[in-house]
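# Residue-level structural notes
Spelled out from the first residue to the last, the chains are:
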Amino acid sequence: MIAIRGLSKRFGKNVVLDGLDLTVPKGKNTVVIGGSGTGKSVLIKCAVGLLRPEAGEILIDGQDILRMDERELVGVRRKFGMLFQGAALFDSMDVGDNVAFALRRLKMHPERHIREVVEEKLSMVGLRDIQRLMPAELSGGMKKRVGLARAIASEPDILLYDEPTTGLDPIMADVINDLIISLRESIGVTSITITHDMASAYKIADQIAMLYKGKIIEVGTPEQIRTTSNPVVAQFVQGRAHGPITDESEEFVRFVHR
Amino acid sequence: MTDSGGKNGAARFAERLGERVYAMVLDLGAIFTLFVQVLSWIVRPPSEFRNIVKQMEEVGVRSLPVVLVTAAFTGMVLALQSYSGFQRFGATSFVGSVVALSITRELGPVFAGLMVSGRVGASMAAELGTMKVTEQIDALVTLATNPVKYLVVPRVVAATIVLPILVVFADLLGILGGYFVSVYLLGANPYVYIAKTYQYLEFKDIYTGLIKASVFGMLIALISCHHGFVAQGGAEGVGRATTRAVVASSMIVLISDYFMTSFMF
Ligand SMILES: Nc1ncnc2c1ncn2[C@@H]1O[C@H](COP(=O)(O)OP(=O)(O)O)[C@@H](O)[C@H]1O
Ligand SMILES: [Mg+2]
């Protein structure tokens, strides 16, 4: 389980997270929704210790990672797998070496078994016979799937997905949705998924949380979020151009044009 | 009226200068921190031996042609210049000594350092900068790998070892270049030329040059990796990082050369 309490993170004067609270139950998929630039990526980067917040606590199975030094963090990070927004494949290595990266660093399998293990991980994301291709030769959807295979290769307990379906066509997006669901069902991983694709959110979520102005303003089941009474959440999930989220910037536009 | 609009030009200039100096001090601090991290990761397992070899190839093989050409022409032009200068007081027999001493002590290491700054510094900053802005460095961290250990240590170690090797070749080619110009173009006596080359050249001239080269290699790699690591803002940011890396490492070659020379001789 991951429990985040009072998390605050700023870059210079730009306050991105402002006392955020979120509980991520074990074995469930928590989806975080929110507009672009609201700090969704910053939130999960804090959770793996890639960014250091100014205040708050992040408890991973009861241990506060913000009190840890870099060496202790290395141990905790082994529980995590992360799929990055742009897949972040190592472009100097072929697909096989990308997926095998953590396996080799952690010496989890003898070298002679690596290819086999990698092929198995790739088959879990529906890919075959592409170990020798370079990342530059892959389509966007394939990159995301290879990124996913790399993230699950070392069998993490917790998976973080940063916009897994953004930029994919609807069919490929649904393939990824099914993968996320099957990973949760087959390996029982705890996961946080970031998205602003509501179709995907409703499909894969056990719980949806909305990030707005540095805080989680509502948490609920997909059904509760769909029928929310909170006007901000309602505007976002229904994708309306007018509402409380955009009113503020409209006031600003009117102010500028005056 | 804004605040800065009220200031005169000199005050604004001083402010800008202050910001620049402040940024430079921060950079130096970060590079020093990186150096300390490199030292602390070098000794920890797993060893990055294969990565180091790969980087040595990258630094060495790729820079060899440009370093050799530069060194040969430096030796050649040195011979030309010192010949026409020394003619004025009938000391042309010393051309060989001047070429050998200048190349081994100064010009071999410095020109190799400058060439490597451009060639290797740029590629290190561009590669690490691209990895930074495409989140590959974050990905390393989530895959149980420290980026300083995996990326910086091999580059710093490789450059520190390879630069002196490059300079050995540069010294040879520089001296050969001087010999060819003197003997075949200016008609110097080859035996006298070789004798003079040996006569004043001491072992110390060569190894101090090689030590300098080693330090240049280490500084170039550290600075270029630093600028790659702090790159921000897409392809444009990578471009800026690359330029900064080349300018800073070329400058540090010349600056550190002065201080090392004043220490060693
Ligand atoms: N490394 C960084 N340095 C400075 N500002 C950053 C950094 N990372 C993110 N930000 C800022 O934090 C805010 C949130 O970014 P992000 O979490 O990427 O948004 P998103 O919700 O779209 O994922 C943005 O305003 C961005 O400019
Ligand atoms: Mg993001």
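Scroll up to find the structure.
All figures in this text were calculated on a predicted structure; none of them were measured in a lab.

Cut-off values and rules
Residues numbered from 1 in each chain as written. Chains lettered and ligands numbered in written order. Predicted model: local features only at pLDDT ≥ 70, side-chain atom pairs only at ≥ 80, totals over all residues. Heavy atoms only, no water. Pairing = 2+ DSSP bridges. Helix = DSSP H or I, 4+ residues; strand = E, 2+ residues; numbered from the N terminus. Contact = heavy atoms within 4.5 Å. Buried area = accessible area lost by both parts, 1.4 Å probe. Salt bridge = Lys/Arg side-chain N within 4 Å of Asp/Glu carboxyl O. Polar contact = N/O pair within 3.5 Å; in protein donor to acceptor, adjacent residues only side chain to side chain. Near = heavy atom within 4 Å. Areas by Shrake-Rupley, 256 points an atom, 1.4 Å probe, with all protein chains shown as cover. Nonpolar A, V, L, I, M, F, W, Y, C, P; charged D, E, K, R; others polar. Axes fitted to C-alpha atoms, helices over the stretch in contact; angles between N-to-C directions. Patch = residues over 30% accessible without salt bridge, like charges linked within 9 Å, V, L, I, M, F, W, Y side chains within 5 Å. Buried < 20%, exposed > 50% of the residue type's maximum accessible area, 1.4 Å probe, protein only. Phe/Tyr/Trp six-rings, centres within 6.5 Å; stacked < 30°, edge-to-face > 60°. Left-handed = near helix turned anticlockwise from the far one by under 90°.

To continue, consider the pairing of strand β1 (residues 2-11) of chain A. Residue and element names in this part refer to chain A. Summarising the sheet, β1 and strand β2 (residues 14-24) pair through 8 bridges and their orientation is antiparallel. Note that in β2 the partner of Ala-3 across the bridge is Thr-23. Counting the residues in the hairpin turn of β1 and β2 gives 2 residues, including Gly-12, whose phi is positive at 60 degrees. Alignment of β1 against strand β4 (residues 55-60), held across 5 bridges, turns out to be antiparallel. Counted as the bridge partner of Arg-5 is Glu-57 from β4.

What follows concerns the interface of chain A and chain B. Of the residues lining the interface, 21 residues belong to chain A; the matching set on chain B comes to 16 residues. Here chain A meets chain B over a buried area of about 1700 Å², counting both sides, of which 59% is carbon and sulfur. The largest contributions to the chain A side of the interface with chain B come from A:Phe90, A:Phe101 and A:Arg105, which together make up 31% of the buried area. Our enumeration of links across chain A and chain B arrives at 3 salt bridges. Here B:Glu48 makes a salt bridge to A:Arg105, at a shortest N to O gap of 2.8 Å. Here chain A is connected to chain B by 5 residue pairs in polar contact (both at pLDDT 80 or more). Within the residue set of the side of chain A that touches chain B, elements represented by two or more residues are α2 (70-77), β6 (80-83) and α3 (95-105) of chain A. Broken down by element, the residue count for the side of chain A that touches chain B peaks at 3 residues, all from α3(A).

All right, on to the site of ligand 1 then. What surrounds ligand 1 is the set A:Phe11, A:Asn14, A:Val16, A:Gly35, A:Ser36, A:Gly37, A:Thr38, A:Gly39, A:Lys40, A:Ser41, A:Val42 and B:Gln232. Positioned at a junction of chains, ligand 1 has nearby residues supplied by chains A and B. For ligand 1, an oxygen atom lies 3.0 Å from a polar atom in the backbone of A:Gly39. Contacts to ligand 1 include A:Ser41, whose side-chain N or O atom sits 2.7 Å from an oxygen atom. Calculation on ligand 1 without its partners gives an accessible area of 560 Å², and the protein chains cover 62% of this total. Those elements that place two or more of their residues in the shell around ligand 1 are β2 and α1 (40-47) of chain A. The biggest single contributor to the shell around ligand 1 is α1(A), with 3 residues. When its residues are assigned to classes, the shell around ligand 1 shows 3 nonpolar, 8 polar and 1 charged.

Further remarks concern the sheet that holds strand β5 (residues 63-64) of chain A. All names here are of chain A. Strand order across the open sheet formed by 4 strands is β2-β1-β4-β5, with antiparallel pairing between neighbours. The sheet terminates laterally at β2 and β5, the two strands that pair on one side only. Sheet topology places β4 next to β5; 2 bridges connect them, and they run antiparallel. Within β5, the residue paired with Leu-59 across the bridge is Asp-64. The strands touched by α1 within the sheet are β1, β2 and β4, with β1 carrying the most contacts at an inclination of about 120 degrees.

Mapped onto the secondary structure, B:Gln55 falls in helix α2 (residues 49-86). Setting aside residues up to four positions removed in sequence, B:Gln55 forms contacts with B:Pro154, B:Arg155 and B:Ala158.

Attention shifts here to the sheet that holds strand β10 (residues 215-220) of chain A. Residue and element names in this part refer to chain A. Strand order in the open sheet formed by 6 strands is β6-β7-β8-β3-β9-β10, with mixed pairing between adjacent strands. In the strand order of this sheet, the two ends are held by β6 and β10, each with one partner. The mean angle between the axes of side-by-side strands here comes to 20 degrees, regardless of whether they run parallel or antiparallel. Pairing between β6 and strand β7 (residues 158-162): 4 bridges, direction parallel. Within the sheet, the bridge partner assigned to Leu-83 lies in β7 and is Tyr-161.

A word on a nonpolar patch on the surface. All names here are of chain B. Taken together, Ile-161, Ile-165, Val-168, Phe-169 and Leu-172 make up a surface patch of nonpolar side chains, about 420 Å² in accessible area. For Phe-169, the position within the fold is in helix α5 (residues 147-185). Residue classification places Phe-169 among the partly exposed positions, given a relative accessible area of 41%.

For the rest of this paragraph, the subject is the packing of aromatic side chains. For the coordinates displayed, the defined rule picks out 10 aromatic pairs over all chains. Judged by centre distance (5.0 Å) and plane angle (50 degrees), the ring pair of A:Phe90 and A:Phe101 falls under tilted. With A:Phe90 in the loop between β6 and α3 and A:Phe101 in helix α3, this residue pair connects regions lying 11 residues apart in the sequence. Considered together, A:Phe90 and A:Phe101 belong to a single accessibility category, that of buried residues. Between the aromatic rings of B:Tyr179 and B:Phe180, the centroid separation amounts to 5.9 Å while the plane-to-plane angle is 85 degrees, which identifies the pairing as edge-to-face. Note on B:Phe180: relative accessible area 44%, which makes it partly exposed. A connected cluster of aromatic rings, assembled from ring pairs, spans B:Tyr179, B:Phe180, B:Tyr184 and B:Tyr193.

Time to look at the pairing of β10(A). All names here are of chain A. By the bridge criterion, 5 bridges tie strand β9 (residues 207-212) to β10 in an arrangement that is antiparallel. Among the inter-strand pairings, Ala-209 is bridged to a residue of β10, identified as Val-219. The turn linking β9 back onto β10 is made up of 2 residues, and Lys-213 within it adopts a positive phi angle of 50 degrees.

Time to look at the packing of α2(B) against helix α3 (residues 95-133) of chain B. All names here are of chain B. Interaxial distance between α2 and α3 falls to 8 Å at its minimum, and their mutual angle equals 145 degrees. Here α2 runs over α3; the crossing is right-handed. For the contact of α2 with α3, a count of residues per class yields 19 nonpolar, 6 polar and 2 charged.

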